[in-house]
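For reference, the chains in residue letters:
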Amino acid sequence: MSVNISTGVGTLCFATPFFNASGPLCTTLLELEDLGRSEACAILSKSCTVEPREGNPLPRYADFEGGSINSMGLPNLGYRVYMEMYPYLWRYDKPIISSVSGLSLKDTLLIVREMCGVDELDAIEINLSCPNVVGKPQVAYDFDQTREVLQEVGRICTKPWGVKLPPYFDFVHFEEMAKILNESGVSFVTCINSLGNGLVIDAERECVVIKPKGGFGGVGGRMIKPIGLSNVRKFRELLRSDISIIGVGGIVSGRDVFEYILAGADAVQIGTQLQQEGVSVFARLGRELREVMERKGYSSLGEFKGKLKML
Ligand code: RRO
């Protein structure tokens, strides 16, 4: 049986449903070219600011049995460098997406305005949920600020755009955020970013495992999958049907991808597992997802997308 795993996010067409989360292995041109050569369906660059940033002191990333913890602190080359890279990435013939994370609304608008002038760029993901810049709270936990950012970006952005959200845990918060998103011009929503300010401890050394912020950092990987799934599911229930959802959080196998699509995701991003396994993860996920679909008799993602059954 032939299995088709192509999908779409807004007006973008993807050959497979998986690509990188903004963060791991997507900061330099070499890394972005590796993603271009891989079976990732799109290339998403590391969240950028106006000026280049070194980020937080090392060590700032660690694996643990449940996943990963990071406090990278938004290290990136500055938006101008990414603008120059996108034309080189065009040769890989897949959508190119820029993650934008201005340190202020003014910065975000400046970057978005400039990025809209780059023909080779297909879409923009506004990161409203970086948990690791000291003194800068996560925008998307402040609903008034989020509404303002979405209104202002919507006024100037001429490319398809979406937002990267932090995890929510309360139905009232989901409803409030969904109302704001439904009244905005987003064509996609990416959920979730890492769980902010977790703490991993090495009992042998009686020590934290990352240096910045007293060891606190964003938690990703296997252990956050139930939260990622719940956020995708809840937003699928609440958002306009023309707003696509990109799921991210704890995807390790093709079966995890299947679960996200069942919950309502149109595509998924891979973070911790990409960091740990490298870009070959995408080919493996493709094989595994096809296997799951063949076993269940599905020939396209649309046959089960969002069709999670209730008891
Ligand atoms: O760079 C980071 O510390 C970082 C960012 Br911008 C983000 O959005 N999520 C995360 O876990 N780390």
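Residues numbered from 1 in each chain as written. Predicted model: local features only at pLDDT ≥ 70, side-chain atom pairs only at ≥ 80, totals over all residues. Heavy atoms only, no water.

Student: An account of the sheet that holds strand β14 (residues 216-220) is needed here, citing residue identities and associated values.
Tutor: An order of β5-β6-β14-β11 is seen for the four strands of this open sheet, with the pairing classed as antiparallel. Unpaired on one side and paired on the other, β5 (61-64) and β11 (195-199) mark the two borders of the sheet. With strand direction ignored, the average angle separating the axes of adjacent strands in the sheet is 40°. Where β11 lies against β14, three bridges are found, and the strand directions are antiparallel. In the strand pairing of β14, G198 is matched with G217. (Pairing = 2+ DSSP bridges. Helix = DSSP H or I, 4+ residues; strand = E, 2+ residues; numbered from the N terminus. Axes fitted to C-alpha atoms, helices over the stretch in contact; angles between N-to-C directions.)

Student: Describe the packing of aromatic side chains, and please don't skip the residues or the numbers.
Tutor: The relative placement of two aromatic rings is captured by the distance of their centres and the angle of their planes. Counting across every chain of the model gives eleven aromatic pairs. Where F143 meets Y168, the ring centres are 6.3 Å apart and the plane angle is 25°; that geometry is what we call stacked. One end of the pair, F143, is in helix α4 (residues 143-156); the other, Y168, is in the loop between β9 (161-165) and α5 (171-182), and 25 residues separate them in sequence. Given a relative accessible area of 13%, F143 falls into the buried group. Aromatic pair Y168 and F174: ring centres 6.1 Å apart, planes at 65°, arrangement edge-to-face. Put simply, the rings of Y141, F143, Y168, F171, F174 and F235 pair up and form one aromatic cluster. In this structure, K234 packs its charged tip against the face of F171, placed 4.1 Å from the ring centre. (Phe/Tyr/Trp six-rings, centres within 6.5 Å; stacked < 30°, edge-to-face > 60°. Buried < 20%, exposed > 50% of the residue type's maximum accessible area, 1.4 Å probe, protein only. Lys NZ or Arg CZ within 6 Å of the ring centre and 35° of its normal.)

Student: So, the sheet that holds strand β16 (residues 267-270): which residues are in play, and what are the values?
Tutor: Reading across from one edge, β3-β16-β15-β10-β9-β8-β7-β4 is the order of the eight strands in this open sheet, with parallel pairing throughout. Strands at the two margins of the open sheet, each flanked by one partner only, are β3 (18-20) and β4 (43-48). This sheet shows a mean twist of 25° between the axes of neighbouring strands, independent of strand direction. Where strand β7 (residues 96-100) and strand β8 (residues 123-127) come together, four bridges link them in parallel fashion. Paired with S98 across the two strands is I124, which belongs to β8.

Student: Tell me what's going on with α5, and back it up with residues and numbers.
Tutor: Residue pairs spaced three or four apart in an α-helix point in one direction, given the helix's 3.6 residues per turn. Relative to the 16 Å expected for twelve residues at 1.5 Å per residue, α5 spans 16 Å between its end C-alpha atoms, a close match to the ideal helical length. Taken residue by residue, α5 has F174, M177, A178, I180 and L181 as its buried positions. One side of α5 carries all its buried residues, which in axial view fall inside an arc of 160°. Its buried side turned inward, α5 meets α4, β9, β10 (188-191) and α6 (225-238). Capping the start of α5, D170 holds a side-chain oxygen 2.8 Å from the backbone nitrogen of V172, two or three residues further along. (Expected span 1.5 Å × (residues − 1). Arc of directions from axis to C-beta. Contact = heavy atoms within 4.5 Å. Polar contact = N/O pair within 3.5 Å; in protein donor to acceptor, adjacent residues only side chain to side chain.)

Student: With reference to specific residues and values, describe a nonpolar patch on the surface.
Tutor: Taken together, the side chains of L199, I201 and F216 define a hydrophobic patch exposed on the protein surface, amounting to about 280 Å² of accessible area. On the secondary structure map, L199 appears in strand β11. (Patch = residues over 30% accessible without salt bridge, like charges linked within 9 Å, V, L, I, M, F, W, Y side chains within 5 Å. Areas by Shrake-Rupley, 256 points an atom, 1.4 Å probe, with all protein chains shown as cover. Salt bridge = Lys/Arg side-chain N within 4 Å of Asp/Glu carboxyl O.)

Student: Hey, could you go over α6 for me, with residue numbers and the actual values?
Tutor: Given a rise of 1.5 Å per residue, 14 residues ought to cover 20 Å, and the 20 Å separating the end C-alpha atoms of α6 matches this to within 8%. Every buried residue belonging to α6 is among K225, G228, L229, N231, V232, R233, K234, F235 and R236, and all of these are buried. Taken together, the buried residues of α6 touch β9, α5, β10, β15 (244-248) and α7 (254-263).

Student: Pulling in residues and values, what's your account of the packing of helix α1 (residues 29-37) against helix α2 (residues 79-89)?
Tutor: Close contact between α1 and α2 brings their axes to 11 Å; oriented N to C, the two are set at 30°. Relative to α2, the element α1 lies roughly parallel. When you trace α1 past α2, the crossing you get is right-handed. Within the contact between the two elements, α1 uses L29, L32 and E33 and α2 uses Y82, M85, Y88 and L89. The class makeup of the residues in the contact of α1 with α2 is six nonpolar, no polar and one charged. (Parallel < 35°, antiparallel > 145°, perpendicular 65-115°, else oblique. Left-handed = near helix turned anticlockwise from the far one by under 90°. Nonpolar A, V, L, I, M, F, W, Y, C, P; charged D, E, K, R; others polar.)

Student: Could you give an account of the site of the ligand, naming the residues involved and the relevant values?
Tutor: Close contacts around the ligand come from K46, N70, M72, G73, L74, P75, N127, C130, P131, N132, N193 and S194, and that covers them all. Here an oxygen atom of the ligand sits 2.8 Å away from a polar atom, N or O, in the side chain of K46. Between the ligand and the protein, one listed contact pairs an oxygen atom with a side-chain N or O atom of N70 at 2.9 Å. Compared with its free state, where it exposes 320 Å², the ligand has 93% of that area covered by protein. Considered class by class, the residues forming the shell around the ligand number five nonpolar, six polar and one charged. (Near = heavy atom within 4 Å.)

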